[in-house]
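Each chain is listed here by its residues.
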Amino acid sequence: MFDHELSTAQIIAIAILPTLFGIVVHEVAHGWMANRRGDPTAARLGRLTLNPLKHIDPVGTVLVPLILILTVGFAFGWAKPVPINWDNLRHPRRDSAWVAAAGPGANFLMAIGWGIIGKLASLLPAGLETVAMPLMYMGMFGMFINILLMVLNLIPLPPTDGGRIATSLLPPPLGQALSRVEPFGIPILLVLLLTGLLWRIMTPLIAATLGLIRQLVGFG
């Protein structure tokens with residue numbers, strides 16, 4: 001991803017902000033959309049905030065991303081899910097799809113935002129390399145991590161966002177059948193990740209989306 005060899009400390013410094021925002025804003029987007037669709041649970045509990053302390057999951061937000069950065073050079077993780085009472089939604093079946101899609105949608109918009117930051121950094125005049133280079137690298141990583149989170153969460157396997165979207169959009173009998181997979185969804189995803197099969201599916205999707213954003217903002 002990076003043109004120059006970076007130290008572990010530099011990788012962590014570059015990756016921590018895009019990763020943290022990617023995870024936290026993803027969850028806030030779910031709660032924000034649920035609030036607009038009739039469920040104020042997250043708002044009442046003070047979870048519609050960008051304060052990371054309100055969303056940190058010690059394992060998913062700290063331990064897993066840190067281990068991945070130290071071992072493979074990139075990170076993804078998860079925040080503490082925002083509480084949603086699906087029965088409060090005005091049209092539970094339709095609105096649950098909107099709530100689920102809000103998280104990946106937020107990641108897509110953030111990827112564009114990080115691309116713009118990287119592009120602007122690349123336009124800084126000579127002599128400001130100490131500012132420009134970290135921002136450019138952060139922009140590159142921000143695009144990547146947000147697209148990774150978006151694509152991973154759109155895998156149509158409950159309990160992912162893609163799984164919830166699929167169960168909402170499929171005819172009720174098929175949706176109910178798919179929802180029964182939810183208790184086994186995470187173990188299935190882990191097996192697919194460890195065997196490399198899921199990466200082979202995700203890689204072209206990530207590459208195509210990154211290419212689209214790079215073309216859009218002229219960076220990367």
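See the structure above.
Residues numbered from 1 in each chain as written. Predicted model: local features only at pLDDT ≥ 70, side-chain atom pairs only at ≥ 80, totals over all residues. Heavy atoms only, no water.

Caption draft 1: Main features of the overall build of the protein. Counting secondary structure elements, the protein contains nine helices and zero strands. Overall, the protein shows an N-to-C arrangement of helices and strands of α-α-α-α-α-α-α-α-α. Relative to its length of 220 residues, the protein is compact, with a C-alpha radius of gyration of 18 Å against a globular reference of 17 Å. Of all 220 residues assigned to the protein, the portion counted as buried reaches 43%. Put simply, 72% of the contacts in the protein that link residues at least 6 apart link residues at least 24 apart. As displayed, the protein has an accessible area near 11,600 Å², and 70% of this comes from carbon and sulfur atoms. Counting 14 positive and 10 negative side-chain charges, the protein places the centres of these two groups 9 Å from one another. (Helix = DSSP H or I, 4+ residues; strand = E, 2+ residues; numbered from the N terminus. Rg over C-alpha atoms; globule rule 2.2 N^0.38 Å. Buried < 20%, exposed > 50% of the residue type's maximum accessible area, 1.4 Å probe, protein only. Contact = heavy atoms within 4.5 Å. Areas by Shrake-Rupley, 256 points an atom, 1.4 Å probe, with all protein chains shown as cover. Lys, Arg positive; Asp, Glu negative; His and termini not counted. Charge placed at Lys NZ, Arg CZ, Asp CG, Glu CD.)

Caption draft 2: Summary view of helix H5 (residues 129-153). Spanning 25 residues, H5 covers 35 Å between terminal C-alpha atoms, matching the ideal 36 Å at 1.5 Å per step. Counted residue by residue, H5 has 18 buried out of 25 residues, so it is predominantly covered. (Expected span 1.5 Å × (residues − 1).)

Caption draft 3: Molecular detail of the packing of helix H8 (residues 182-195) against helix H9 (residues 197-217). Across the interface, H8 lies against H9 with an axial gap of 4 Å and an inter-helix angle of 80°. Classified by the interaxial angle, the pair formed by H8 and H9 is roughly perpendicular. Judged by residue contacts, Leu189, Leu192, Leu193 and Thr195 of H8 engage Leu197, Leu198, Trp199 and Arg200 from H9. For the contact of H8 with H9, a count of residues per class yields six nonpolar, one polar and one charged. (Axes fitted to C-alpha atoms, helices over the stretch in contact; angles between N-to-C directions. Parallel < 35°, antiparallel > 145°, perpendicular 65-115°, else oblique. Nonpolar A, V, L, I, M, F, W, Y, C, P; charged D, E, K, R; others polar.)

Caption draft 4: Up close: the pattern of salt bridges. Per the counting criterion, the structure on display carries two salt bridges. In this structure, the salt-bridge partner of Arg37 is Asp95, at a minimum N-O distance of 3.4 Å. Of this pair, Arg37 sits in the loop between helix H1 (8-36) and helix H2 (41-44) while Asp95 is found in helix H4 (residues 92-122), placing the two residues 58 residues apart along the sequence. The shortest N-O distance in the salt bridge between Asp95 and Arg94 comes to 3.4 Å. Each of Arg37, Arg94 and Asp95 takes part in a single network of salt bridges with overlapping partners. (Salt bridge = Lys/Arg side-chain N within 4 Å of Asp/Glu carboxyl O.)

Caption draft 5: Quick look at unusual backbone geometry. A cis geometry characterises the amide bond from Pro158 onward to Pro159, with omega recorded as 15°. Here Pro159 is to be found in the loop between H5 and helix H6 (161-169).

Caption draft 6: Region of interest: the environment of Val99. With respect to the secondary-structure elements, Val99 resides in helix H4. Taking relative accessible area as the criterion, Val99 reaches 1% and is therefore assigned buried. Taking the C-alpha atoms as reference points, Val99 and Ile116, 17 residues apart in sequence, are found 26 Å from one another. For Val99, the residues in contact, after removing those within four places along its chain, are His30, Met33, Ala34, Ile84, Trp86 and Leu89.

Caption draft 7: Molecular detail of the side chain of Arg47. For Arg47, the location among the structural elements is in the loop between H2 and helix H3 (58-72). Although Arg47 lies buried, it forms no salt bridge, and the closest oppositely charged side chain, Glu27, sits 5.6 Å away as judged by the N-O distance. Polar side-chain contacts of Arg47 include one of 3.4 Å to the backbone oxygen of Pro81. Discounting chain neighbours no more than four positions away, the residues touching Arg47 are Val28, Ala42, Lys54, His55, Lys80, Pro81, Val82 and Pro83. (Polar contact = N/O pair within 3.5 Å; in protein donor to acceptor, adjacent residues only side chain to side chain.)

The values reported here are purely geometric and, on their own, carry no functional implication.
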